[in-house]
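Here are the chains, one letter per residue:
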Amino acid sequence: MIVAFRVGFLILLIGLWQVLSQNVSRNLIPSPLETWAAFRRMLADNSLFEALGESLVVYLSGYSTACIVAIAIGLVMGTIRPVGKTLEVYAFALAATPRVAFIPLIIVFLGLGFEAKVFVVFLGAVMPILVNTYAGVLATDQNLNEMARSLGVSRPRIFASIVLPGAVPFIVVGLRIGATIGLINTVVAELYTAVGGLGGLLARYGNTFRMADYFVIVLSLAAIGVAVTETLRYLELRLNRWRGPN
Amino acid sequence: MNQEASVGRAAPLAAKSEPQVVLDGVGKSFGTAARARTEVLRDMSLEVREGEFVSLLGPSGCGKTTVLRLVDGLLAPDAGRVTVFGGDPTPGPELGFVFQSFRLIPWFTVRGNVEFALAPTGLSRAEKRERAERYIELVGLRRFAEAHPHELSGGMSQRVALARALVTEPRVLLMDEPFASIDAQTRELMQAELMRLWSSSGATVLFVTHSVDEAILLSDRIALMGPRPGRVLENIEVEGLPRPRWSYDVRSRPEFVDLRRRLWERIRQLVLEDPESDFFGRGTSREAQ
Ligand SMILES: Nc1ncnc2c1ncn2[C@@H]1O[C@H](COP(=O)(O)OP(=O)(O)OP(=O)(O)O)[C@@H](O)[C@H]1O
Ligand SMILES: [Mg+2]
């Protein structure tokens, strides 16, 4: 039922797009059919897949590194209180700084290549995941903690059975925010460092007013976003199966 | 198991000589420095002998839960000494704790919750499973072994918490108002079940309750606590109510009625004399101090 509504809404959107493309000056908004044709053309000459592949490698490398590093540091900060209390000020400060501001610095240190791009993505995704993981550990149910202590359960066991599962919903929120910022930063990195990938095509088509091609890129980026967030949602459902369906 | 159980408890008096849990002049405060410091216990002393069922009865906030946490070794006293099994208390399988709220792990099944208590024991996986199974059965939740806590009613959750506390077969059982949040019918059944379990296990029980009736029904002795800073004001032996008490209507016995009246009178007096109580000074104190 919901699927039917979603498809219906998509058709509505495409209809709206069609109407807009007919009423706004033709050069700015291509019609859905023109976009479709551009999509077929870019598939045929393989340019879309090449760019997509390049961007995905940058994105997933940066994002997965961020996930591992952020969750690890967040867990350590939450579990070993002195570490957490020492670092949290810096973590929050860094999380609040627009990390795009670091791009010139990154270029100076890492150049314009792959490493620099991955690092820009990493830097964008790492803080929300870290801050959320940290918050998740701190939000541990102290009643459950005390119950486990009273049973004489070991600290590692308490961590694995109570702290970590309790932090999962927080961590997943962090992963989601991180995924979005990571994707944004992928494009930003491709625009500001060596131009390439989907970000590169975006710039090229945008600057030369090839709007149909440009739209194909925008929609591809949206598709990546949907794919990643849906994967995370599936993961979340799997991890929360104990709650039952509701 | 009921009849045999009561018979099985043949030599309680012989075993009842040794003090197993001792609080000696215990003081405990919460909060730091002068700011917002609450003195919860002052000069609190209590002895519980092996196999004895003692209830702590006292007004809300007088430190009953704190006493249990001290006995379990979850807290250390500021003054005085807490001794369990002749030494410092350490949390673990020897001491069972039933908390005021159920404290079930929501992402574990009933079985997982009960088995969790066996984690620190040296039992094999199969033994843990078998033991958990037995106690789940005992509290009547076999059909719900694979259910998660959110699928259980309050009474069922409390039974899981009870099974979790019992599954390690502790020598001392600490119970914090375990039946306060369940309905009256379930409560009666659970009280009878607890008496059966206790009589067959021979465990020492320190039981916290607000209910005078419950205290009389279950206990060998009632330790009456005064308002904060709490301490035991009076130890009242429950006499003239032979066990097993589930085999007759305890509440209609004159001994029960008498004791009930006496306890209520004492509690009323305590509340009226407590300057911190909302009822301070109301009514006329019947007994001159
Ligand atoms: N960890 C803590 N930090 C600060 N204050 C505490 C803490 N634990 C208990 N207290 C305070 O100590 C007092 C006694 O608490 P306790 O839980 O032992 O009372 P209680 O007799 O069990 O009350 P109730 O019958 O309402 O459960 C309360 O005023 C409570 O606010
Ligand atoms: Mg309490």
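Our structure is the block above this text.
Residues numbered from 1 in each chain as written. Chains lettered and ligands numbered in written order. Predicted model: local features only at pLDDT ≥ 70, side-chain atom pairs only at ≥ 80, totals over all residues. Heavy atoms only, no water.

**Overview of the side chain of serine 31 of chain A**
Rules: A run of H or I in DSSP counts as a helix once it spans at least four residues, and a run of E counts as a strand once it spans at least two, with each numbered from the N terminus. Two residues qualify as a contact provided that any one of their heavy atoms is within 4.5 Å of a heavy atom in the partner residue.
Topologically, serine 31 of chain A is positioned in the loop between helix H1 (2-23) and helix H2 (32-44). Contact partners of serine 31 of chain A, with chain neighbours within four places excluded, come to Trp17, Gln18 and Ser21 of chain A.

**As for the site of ligand 1**
Residue and element names in this part refer to chain B. Test applied: Only heavy atoms are used to decide nearness, and a residue is near a molecule or strand if one of them lies within 4 Å of it. Throughout this description, a polar contact denotes any pair of N or O atoms lying within 3.5 Å of each other; where both atoms belong to protein, one of them has to be capable of donating a hydrogen while the other can accept it, and for residues adjacent in sequence the pair is counted only when both atoms sit in side chains. What sets the accessible areas is the Shrake-Rupley method with a 1.4 Å probe; for residues, cover comes only from the shown protein chains. Side-chain classes are defined by residue name, with Ala, Val, Leu, Ile, Met, Phe, Trp, Tyr, Cys and Pro counting as nonpolar, Asp, Glu, Lys and Arg as charged, and the others, Gly among them, as polar.
Taken together, 14 residues lie near ligand 1, and Ser60, Lys64, Thr65, Thr66 and Arg228 sit nearest. Serine 60 places a polar side-chain atom, nitrogen or oxygen, 2.6 Å from an oxygen atom of ligand 1. Take glycine 61: an N or O atom from its main chain is 2.9 Å from an oxygen atom of ligand 1. Here ligand 1 has 640 Å² of accessible area as a free molecule, and 66% of this is covered by the chains. In terms of residues, the shell around ligand 1 owes the most to one element, helix H3 (residues 64-72), which gives four residues. Classifying every residue of the shell around ligand 1 by side-chain character gives three nonpolar, seven polar and four charged.

**So, the coordination of the magnesium ion (ligand 2)**
Residues and elements named next belong to chain B. Rules: Think of the donor list as every N, O and S atom within 2.8 Å of the metal, or within 3.2 Å for Na, K and Ca; water never makes the list, so a site can look incomplete. Buried means the residue's accessible area, taken with a 1.4 Å probe over protein chains only, is under 20% of the maximum for its type, while exposed means over 50%, and partly exposed covers the values in between.
Protein coordination at the magnesium ion (ligand 2) comes from Thr65 (OG1) and Gln100 (OE1), with a distance range of 1.9 to 2.6 Å. Of this pair, threonine 65 sits in helix H3 while glutamine 100 is found in the loop between strand S5 (95-98) and helix H4 (110-116), placing the two residues 35 residues apart along the sequence. Overall, threonine 65 belongs to the partly exposed group, its relative accessible area being 28%.

**Quick look at the packing of helix H3 (residues 47-79) of chain A against helix H8 (residues 155-192) of chain A**
Residue and element names in this part refer to chain A. Heads up, the rule is: Lines are fitted to the C-alpha atoms to define the axes, a helix being fitted only along its stretch in contact, and any angle between axes, read from their N-to-C directions, falls within 0 to 180 degrees. Helix crossings fall into two classes, left-handed where the near helix is turned counterclockwise from the far one by less than a right angle and right-handed where it is turned clockwise.
The contact between H3 and H8 brings their axes to 8 Å, and the two run at 145°. Here H3 runs over H8; the crossing is right-handed. Note on element contacts: H8 touches H3 through Arg155, Phe159, Leu164, Ile171, Leu175, Gly178, Ala179, Gly182, Leu183, Thr186 and Glu190, opposite Glu54, Ser55, Val58, Tyr59, Tyr63, Cys67, Ile71, Leu75 and Thr79. Taken together, the residues that form the contact of H3 with H8 break down as 12 nonpolar, five polar and three charged.

**Focus: helix H4 (residues 81-96) of chain A**
Our working definition: For a helix, the expected span equals 1.5 Å multiplied by the number of residues minus one. To get the bend at any residue, fit one axis to the seven residues that end at it and another to the seven that begin at it, then take the angle between the two axes.
With 16 residues, H4 of chain A should reach 22 Å at 1.5 Å per residue; the first-to-last C-alpha distance of 22 Å fits that figure. By the largest-angle criterion, leucine 87 of chain A marks the main kink of H4 of chain A, which is about 45°.

**Focus: the nonpolar core**
What counts, and what does not: Here, nonpolar core means buried Ala, Val, Leu, Ile, Met, Phe, Trp, Tyr and Cys residues that are tied together by side-chain atoms lying within 4.5 Å of each other.
The biggest cluster of nonpolar side chains holds 133 residues, and the ones touching the most others in it are Met44 and Leu206 of chain B. Residue contributions to this core peak at 11 residues, all from H3 of chain A. If sequence neighbours within four positions are ignored, leucine 206 of chain B has contacts with Leu46, Val48, Val54, Leu56, Val67, Leu68, Val71, Leu173, Leu174 and Met175 of chain B. Among the nonpolar cores identified, the runner-up in size contains seven residues, and Ile106, Ala116, Val188 and Ala189 of chain A belong to it.

**Concerning the layout of surface pockets**
Think of a ball as big as a water molecule: rolled over the atoms, this probe shows where empty space is left. Residues and elements named next belong to chain A. The line we're drawing: The method works on a 1 Å grid over the protein atoms by themselves. A cavity is a set of points holding a 1.4 Å probe that cannot get out, a pocket is an open set with protein on both sides within 12 Å along at least five of seven lines, and residues with an atom within 4 Å of a point line them. Grid points are joined across faces, edges and corners, and a volume is the space filled by probe spheres set on the points.
Put simply, the largest pocket is a space of about 590 Å³. Forming the walls of the largest pocket are 22 residues, and the residues nearest its centre are Leu10, Ile14, Trp17, Phe215 and Leu219. When residues of the lining of the largest pocket are traced back to their parent elements, those giving at least two are H1, H2, H3 and helix H10 (211-239). Of the residues forming the lining of the largest pocket, the biggest block, seven residues, is contributed by H10. Considering only residue class, the lining of the largest pocket consists of 20 nonpolar, two polar and no charged. Contributing to the lining of the second largest pocket are 14 residues, with Gly78, Thr79, Asn145, Arg155 and Val163 lying nearest its centre. When contributions to the lining of the second largest pocket are tallied by element, the ones reaching two or more residues are H3, helix H6 (114-138), helix H7 (142-151) and H8. Per element, the largest residue contribution to the lining of the second largest pocket is five residues, and it comes from H8. For the lining of the second largest pocket, the per-class residue count stands at six nonpolar, five polar and three charged.

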